[in-house]
Amino acid sequence: MNAIETLGFRTLMLVVHLGRLGVFVGRVARASVLPPTRLRRFVGEVFDVGVLSLPIVCLSGATVGAVLGFQSYVALSRFGAAGSVGSVVGISLIREFGPVLTALLVTGRAGSAIAAEIASMVQTGQIDGLRMMSIDPVHFVVMPKAWGMLFAMPLLSALFIVFAIAGGYAVVVHLLGLDPGTYLTSLEDSVNLHEDVSQSVTKALVFGVVVACIATYRGYTSEPTSAGVSAATTGTVVVASVAVLLLDYVLTSFWGI
Amino acid sequence: MGGQLALDRPLAGDFHIAFDGVRLSLGRREVFRGLSCGFLRRQITVVLGGSGAGKSTMLRLIGGLERPDAGSVRVAGEEVNLLPERQLFRVRERIGMLFQGGALLDSMTVFDNVALPLREHTRLSEAEIAERVGRNLAAVGLPDVADLFPRHLSGGMSRRAALARSVVMNPEIVLCDEPFSGLDPLNVRRIEALLVDLSRRAGLTLVVTSHHLASSLRMADRIVFLVDGRAVSGSPEELLQSPDRRIVDFLAAESQAEFDPSRLGDEPSSRPAAGGGAS
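Residues numbered from 1 in each chain as written. Chains lettered and ligands numbered in written order. Predicted model: local features only at pLDDT ≥ 70, side-chain atom pairs only at ≥ 80, totals over all residues.

Participant: Let's hear about the overall build of chain B: which residues, and what values?
Facilitator: Helix and strand counts for chain B stand at nine helices and 11 strands. Across the 279 residues that make up chain B, the buried fraction comes to 45%. The contacts in chain B between residues at least 6 apart in sequence include a share of 69% that link residues at least 24 apart. (Helix = DSSP H or I, 4+ residues; strand = E, 2+ residues; numbered from the N terminus. Buried ≥ 20, exposed ≤ 12 C-beta atoms within 10 Å, placed from the backbone. Contact = placed C-beta atoms within 7 Å.)

Participant: Kindly report on the nonpolar core, identifying the contributing residues and their values.
Facilitator: Membership of the largest hydrophobic core comes to 152 residues, with the highest contact counts inside it found for Ala-164 and Val-211 of chain A together with Leu-175 of chain B. Contact partners of Val-211 of chain A, with chain neighbours within four places excluded, come to Ala-103, Val-106, Thr-107, Gly-111, Met-149, Ala-240 and Val-244 of chain A. (Core = buried A, V, L, I, M, F, W, Y, C linked by C-beta atoms within 7 Å.)

Participant: I'd like a description of the packing of helix H8 (residues 193-220) of chain A against helix H9 (residues 226-254) of chain A, backed by residues and values.
Facilitator: All names here are of chain A. Packing of H8 against H9 leaves a shortest axis separation of 9 Å and a crossing angle of 155°. With respect to their mutual orientation, H8 and H9 come out roughly antiparallel. For the pair H8 and H9, the crossing hand works out as right-handed. Between H8, through Lys-203, Val-206, Phe-207, Val-210, Val-211, Ile-214, Ala-215, Arg-218 and Gly-219, and H9, the contact on the second element is made entirely by Ala-232, Gly-235, Thr-236, Val-239, Ala-240, Ala-243, Val-244, Leu-247, Asp-248 and Leu-251. Counted by class, the contact of H8 with H9 contains 13 nonpolar, three polar and three charged residues. (Axes fitted to C-alpha atoms, helices over the stretch in contact; angles between N-to-C directions. Parallel < 35°, antiparallel > 145°, perpendicular 65-115°, else oblique. Left-handed = near helix turned anticlockwise from the far one by under 90°. Nonpolar A, V, L, I, M, F, W, Y, C, P; charged D, E, K, R; others polar.)

Participant: Give a detailed account of the interface of chain B and chain A, specifying residues and quantitative values.
Facilitator: Contacts between the two partners involve 15 residues from chain B and, on the opposite side, 10 residues from chain A. Top contributing element to the side of chain B that touches chain A by residue count: helix H3 (residues 110-121) of chain B, with four residues. The class makeup of the residues in the side of chain B that touches chain A is nine nonpolar, three polar and three charged.

Participant: Before we move on, could you go through the pairing of strand E5 (residues 70-75) of chain B and cite the residues and values that matter?
Facilitator: All names here are of chain B. Both strand E2 (residues 15-26) and E5 contribute to a ladder of five bridges, which runs antiparallel. Bridge pairing links Arg-23 to Ala-70 in E5. As judged from the two bridges shared by E5 and strand E6 (residues 78-79), these two strands associate in the antiparallel manner. Opposite Arg-74, over in E6, you have Glu-79 as the bridge partner. (Pairing = 2+ DSSP bridges.)

Participant: Residues and numbers for the environment of Thr-182 of chain A, please.
Facilitator: Residues and elements named next belong to chain A. Turning to its location among the elements, Thr-182 is positioned in helix H7 (residues 180-190). You can call Thr-182 partly exposed: it has 16 C-beta atoms within 10 Å. Sequence separation of Thr-182 and Val-51 is 131 residues, and the distance between their C-alpha atoms is 34 Å.

Participant: Which residues make up the confidence of the model for chain B, and what values go with them?
Facilitator: All names here are of chain B. Averaged over all residues, the pLDDT of chain B equals 86, while 87% of them reach at least 70. Predicted confidence for residues 261-279 stays below pLDDT 50, and this span has 27 contacts to residues more than four positions away or in other chains. Taken over the whole predicted complex, pTM reads 0.89, whereas the ipTM for its chain interfaces reads 0.86. (pLDDT = per-residue confidence, 0-100.)

Participant: So what's going on with helix H3 (residues 54-78) of chain A? Residues and values would help.
Facilitator: Residue and element names in this part refer to chain A. Its 25 residues place the ends of H3 36 Å apart at the C-alpha level, agreeing with the 36 Å of an ideal helix rising 1.5 Å per residue. Along H3, the positions that sit buried rather than exposed are Val-57, Gly-61, Ala-62, Val-64, Gly-65, Ala-66, Leu-68, Gly-69, Ser-72 and Tyr-73. The secondary structure elements touched by the buried residues of H3 are helix H4 (85-123) and helix H6 (137-175). Among the residues trailing H3, Gly-80 stands out with phi positive, at a value near 70°. (Expected span 1.5 Å × (residues − 1).)

Below, the structure is given as structure tokens:
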């Protein structure tokens, strides 16, 4: 009976949280169309999420591309299809690994930072301070962060893919000795600009929305304690990562993105 | 003084802020059990009470940051417990609040913190804002910290900078949550003088929560004492002469801690109560 009760309670809590998240996203959407535009804060957030994530995204991209190129070359060589390495690397990176791994990396670096920053503002009374100054914290704090994440995610994903393709090129061409023309031609022939690239950007945008909403929601609704800050940060990384992976499957399977 | 303390005094008079039958529970703890009291216009009211008595919660109810389970909270004629958040902003423009930790935005300099309400709610030019911020920072004795971030300030300096921010929009009401806690005597005196000066000069309704008995008695026009989820209110003299055992015990403990450090090693029973008529 206890297990059933626990399951029921958890299901109810999930529904409650989803409802609250929906209301919260509605507030962010409403704040987005109300003046002022908060352009300076938005640019600051793009810097925090985008520019400060560059090293980890570029480095991860290069290493993922290198490993992908190496493994693909080894596997395809068995069937005499080593010339298709560029195609395998390009398609898998652009359609899947680019947006998904970028979203996971940005969740760990910037999503957790956003949740921790907002949660610590809750804890130290800064959010209540804004409310007492008749300044909507959703408009002043949350909205620029959410848009900054949404804006930066596709750009970071694109950079991840570029560095991954370059990483694959470096390993396959310079280390394993594949002809550079074969690698690039295979890549060029298999990647469709409209379908593959637009799908990649769509995925990155969707993941940007998901990570931004979860990170800001977890931070904003955190308990005003040290444990609350910690729970918001951990919760953001866990929930956003799982949501990105589930959503990737849904987008790919049901909508063919 | 011949007056007598009133328990949950009926709401008659020129109250700027009025609590009427307020009940509030936080978790399983019942903080207020039918609290009724008022805060007079242009007067300094100090809210006293032990830890967990609900002093900070009282200020949060006035600011609409908390909502009561029952009863009403009227601020300048508006029933804030019924207003949605958007409409509360209109009421809060008439209120300045000094939070216990200052609540300065740590991503902004002191100047930007104090300038924030002006930039958000007025059409003043940057030059006018700079002039007003400079004037307010000078008034709280911090003319040279405008370019510093809150993390570079001491507790007392943070509190004074937050005070400058809370009054920069010329509010009618200023709420101060434990402005003296954790400060050295010099800073206590300094902030106390600032609050009294501000209140008298600008005709503010000032509500201060405090544990600090000496400064409370010096600055208060009226005292609201929170006990068992209800309010006992009166003048400082009435408080000192109260025969109520709970008030006597509170005054004795606070006065002992503040005034008589040489007796810290004495037995509690040997400590005298504050004020001549308290016992």
